[in-house]
Amino acid sequence: MNNYKQISLKERTLIEYLLNVQNKSVSFIAKELNRNRSTIYREIKRNKAAVIYKAKDAQFTRDINNTLSHQNEINKYKEFLRFLYANFNPKSFSIDVCVFKAKELGIKTPTTQTVYNWIKNKQIKIKSKDLLRPRFWWKKSSKYKKYLWEISKMNSIPITYRPKNINKRKEVGHFEIDLVVGSGNTSKAIITLVERVTRKGFAIKLENKTMKHTNEKLKELIGKENLNIKSITKDNGMEFNLLHEVTQELSVPLYTCNTYASCEKGTNENFNGLIRRYLPKKTNFTNLTDDNIIEILNEINKMPRKILNYKSAQEFYETFG
């Protein structure tokens, strides 16, 4: 049991793909993931909603359970935490020293590694940046590369598999999408599309939030602005459940953020925050016109932005201004 590692999101994504798309057996999946058959069987049984296993839902449940479990563990060391917060100093009273001194005083104390795990998982007030030598926990690259192409043929690709050139903003043409919703009894909203390198935003008004209407207005916006779309990243909003129909027409990949993790498309979230300066929450969009939206976009797009790849940005602005 000491060598057991919990199932990761990437493994859960593969379980979902092999189980739901390829109809593989539990034994086959266990062999592919180099896991015990019982482990895979329990994972599917515990997290199978209705008749379909969903990787994101399983991961969300695991994260909640882990948080509760770790919180119960931390509560056993309240006296140690009081000692740690009162004495910790990165230069003279490090984590290791705090643990050592607390033991000398007879305080119930966790291991040094446990305290560092709390810091890594942001479960206590001390952060990694507070340490004298900040620790960086790098993610390992995927060891399941042979399935990447097959997974890419799914309607929506988990953001876990989004390529590094998109994550690091090395190429223009990769967009994030979201809605800014109006108030009142109407279902009117604004669909926003933001390019990741330049942070330039585009928007168009929606008369309702139905999936088909959202797709129609998105295609209208792309055609109107003559956008060269290379990929789109969305969240799990119901209005985007048919967005793959648009991306399939454009022959580009569609990436989906993890459940309750809209921060993974932070470029768009920040842009929507700027729109809210002009259209605060509880604003009714009934009388909002396209000219109003264009004025707001012009103001926001003129704001100075931090651009990581100037050559790509220059090419983009030569095209779209």
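Residues numbered from 1 in each chain as written. Predicted model: local features only at pLDDT ≥ 70, side-chain atom pairs only at ≥ 80, totals over all residues. Heavy atoms only, no water.

Peer 1: How should I be thinking about empty space enclosed by the protein in this particular structure?
Peer 2: If a probe the size of a water molecule is rolled over the atoms, the empty space left behind becomes visible. Tallied over the full model, the rule gives 1 cavity of 30 Å³ or more. Its volume calculated, the largest cavity comes out at about 30 Å³. It is helix α13 (residues 290–301) that contributes the most residues to the lining of the largest cavity, 3 residues altogether. Across the lining of the largest cavity, the residue classes tally to 7 nonpolar, no polar and no charged. (1 Å grid on protein atoms, 1.4 Å probe; cavity = no way out; pocket = protein on both sides within 12 Å on 5 of 7 lines; lining within 4 Å. Points joined across faces, edges and corners; volume = space filled by probe spheres on them. Helix = DSSP H or I, 4+ residues; strand = E, 2+ residues; numbered from the N terminus. Nonpolar A, V, L, I, M, F, W, Y, C, P; charged D, E, K, R; others polar.)

Peer 1: Quick question: what am I supposed to make of helix α10 (residues 211–225) here?
Peer 2: Side chains three or four residues apart in an α-helix point the same way, a direct result of the helix having 3.6 residues per turn. With 15 residues, α10 ought to run about 21 Å at 1.5 Å a step, and its terminal C-alpha atoms sit 21 Å apart, in line with that. Here α10 has its buried residues at His-213, Thr-214, Asn-215, Lys-217, Leu-218, Leu-221 and Ile-222. Against the buried residues of α10 lie β4 (174–181), β5 (189–195), β6 (201–206), β7 (231–234) and α11 (243–250). Once α10 ends, the next one or two residues include Asn-226, with phi positive near 55°. (Expected span 1.5 Å × (residues − 1). Buried < 20%, exposed > 50% of the residue type's maximum accessible area, 1.4 Å probe, protein only. Contact = heavy atoms within 4.5 Å.)

Peer 1: I would appreciate a short explanation of the pattern of salt bridges in the present structure.
Peer 2: It is possible for side chains bearing opposite charge to pair when their charged atoms get close. Summed over all chains, the structure comprises 12 salt bridges. A salt bridge links Glu-11 to Arg-35; the shortest N-O distance between them is 3.0 Å. Here the residue Glu-11 occupies a position in helix α1 (residues 9–21), and Arg-35 occupies one in the loop between α2 (26–32) and α3 (37–47), the gap between them amounting to 24 residues. Comparing Glu-11 with Arg-35 shows no difference in burial state: the two are buried. Residue Arg-12 pairs with Glu-43 through a salt bridge whose shortest N-O separation is 2.8 Å. Of the two residues, Arg-12 is situated in helix α1 and Glu-43 in helix α3; the sequence distance between them amounts to 31 residues. There is no split in this pair, since Arg-12 and Glu-43 are both buried. (Salt bridge = Lys/Arg side-chain N within 4 Å of Asp/Glu carboxyl O.)

Peer 1: It is not clear to me how the sheet that holds β5 should be interpreted in this structure. Could you clarify?
Peer 2: Each strand in a sheet pairs with another by means of backbone hydrogen bonds, the pair being arranged parallel or else antiparallel. Across the sheet, which stays open at both edges, the 6 strands sit in the order β3-β8-β7-β4-β5-β6 with mixed pairing between neighbours. With partners counted over all chains shown, the strands left at the sheet margins are β3 (157–158) and β6, one partner each. Across 3 bridges, β7 lies against strand β8 (residues 254–256) in parallel orientation. Across the sheet, Thr-233 pairs through a bridge with Tyr-255, a residue of β8. (Pairing = 2+ DSSP bridges.)

Peer 1: Explain a nonpolar patch on the surface to me, please; I cannot follow it from the model alone.
Peer 2: A contiguous nonpolar patch, built from Phe-60, Ile-64 and Tyr-260 and spanning about 340 Å² of accessible area, is present on the exposed surface. Tracing the sequence through the fold places Phe-60 in helix α4 (residues 55–74). Residue classification places Phe-60 among the partly exposed positions, given a relative accessible area of 33%. (Patch = residues over 30% accessible without salt bridge, like charges linked within 9 Å, V, L, I, M, F, W, Y side chains within 5 Å. Areas by Shrake-Rupley, 256 points an atom, 1.4 Å probe, with all protein chains shown as cover.)

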